[in-house]
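Residue-level structural notes
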Amino acid sequence: VWDENSTWTRSETEHGTYVPTAEAPTASNSASVTIISGASVTVLSDVSIDQATIDSGGQVIIATGGTLTIVDDGTSAVDLSVTGTLTESGGVLATGTDSIVLYNGVNQTIVTAEYDELQLSGSGTKTFSGTTTATGGITVNSNVTVTGSTLIASDTIIQAAADVNSATSRVF
């Protein structure tokens, strides 16, 4: 569970020695958060994060009563990078102004949300599980096939040799 201190360890340097932490990571107390391969973390309350990564084989579940908010720190860096699995199970994914969410794994389901900037990279099929909005634009890179439900993009759409399934409803 995200809010339990026993879920987390921390390091002062990348790949340094990891030690137990006194508090769960948030956007205000952590420079970055990584959910490593084999780890599964459940969000049961309101959590705000920035500069977070879900590694391949890692999983974050947003459960009923939980809201995972992705905030932007004012830089152009990706605010949430999902190579593993991000799942809504009754909870809510919220994205803040100027936040960037990148799905860069293989064959991923895109969580239904109103994204600011959405980037689809990696390879395989990216499946929209419900009506998804990208108010700040969407980038679909090569090696990606997009399918599923409705995509509403209010700003720039960049499609770099990607296959956007013709059965997919798109509102631009």
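Heads up: these notes are all about the structure in this document.

Parameters at a glance
- Sequence order as written defines residue numbering, which begins from 1 separately in each chain.
- Only residues with pLDDT of at least 70 get local features here, since the model is predicted, and only at 80 or more are side-chain atom pairs given and counted; chain-wide, interface and lining totals rely on the full set of residues.
- Only hydrogens and water are removed before side-chain values are computed, so all heavy atoms of the structure are retained for them.
- In this analysis, rings of Phe, Tyr and Trp, with Trp reduced to its six-membered ring, are considered paired at centre separations within 6.5 Å, and the interplanar angle assigns stacked below 30 degrees, edge-to-face beyond 60, and tilted for intermediate values.
- Helix and strand assignments come from DSSP, with helices taken as H or I runs of at least 4 residues and strands as E runs of at least 2, each series counted from the N terminus.
- Each residue is placed in one exposure class: buried if its accessible area under a 1.4 Å probe, protein chains only, is under 20% of its type's maximum, exposed if it is over 50%, and partly exposed if it falls in between.
- At least two bridges found by DSSP between two strands is the condition for calling them paired.
- For every element, the axis is a line fit to its C-alpha atoms; helices are fit only across the contacting stretch, and the angle between N-to-C directions ranges from 0 to 180 degrees.
- Two residues form a contact once any of their heavy atoms are found within 4.5 Å.

A few words on the packing of aromatic side chains. According to the stated counting rule, one finds two aromatic pairs in the structure shown. Between the aromatic rings of Y103 and Y115, the centroid separation amounts to 6.3 Å while the plane-to-plane angle is 75 degrees, which identifies the pairing as edge-to-face. Here Y103 is found in strand 12 (residues 100-103), whereas its partner Y115 is found in strand 14 (residues 114-115), with twelve residues between them in sequence. Since its relative accessible area comes to 0%, Y103 is described here as buried. Using a relative accessible area of 1% as the deciding quantity, one classes Y115 as buried.

Our next topic: the sheet that holds strand 5 (residues 46-49). Overall, parallel pairing links the three strands, which are arranged 5-8-11 in an open sheet. Two strands close off the open sheet at either side, each with one partner strand: strand 5 and strand 11 (92-95). Taken pair by pair, the neighbouring strands of this sheet meet at an average axis angle of 20 degrees, ignoring direction. Taken together, the four bridges between strand 5 and strand 8 (residues 67-70) define a ladder with parallel strand orientation. Note on strand 8: the bridge partner recorded for V47 is L68.

As summarised here, the arrangement of the three strands in space is 4-7-10, forming an open sheet in which the pairing is parallel. A strand with exactly one partner marks an edge of an open sheet, and here the two such strands are strand 4 (40-43) and strand 10 (85-89). Across the sheet, the axes of successive neighbouring strands diverge by a mean angle of 15 degrees, strand direction being ignored. With four bridges connecting them, strand 4 and strand 7 (residues 59-63) associate as parallel partners. In the strand pairing of strand 7, S40 is matched with Q59.

Within the secondary structure, T64 sits in the loop between strand 7 and strand 8. With 26 residues separating them in the primary sequence, T64 and G90 have C-alpha atoms 4.1 Å apart. When neighbours within four sequence positions are excluded, T64 is seen to be in contact with L44, S89, G90 and G91.

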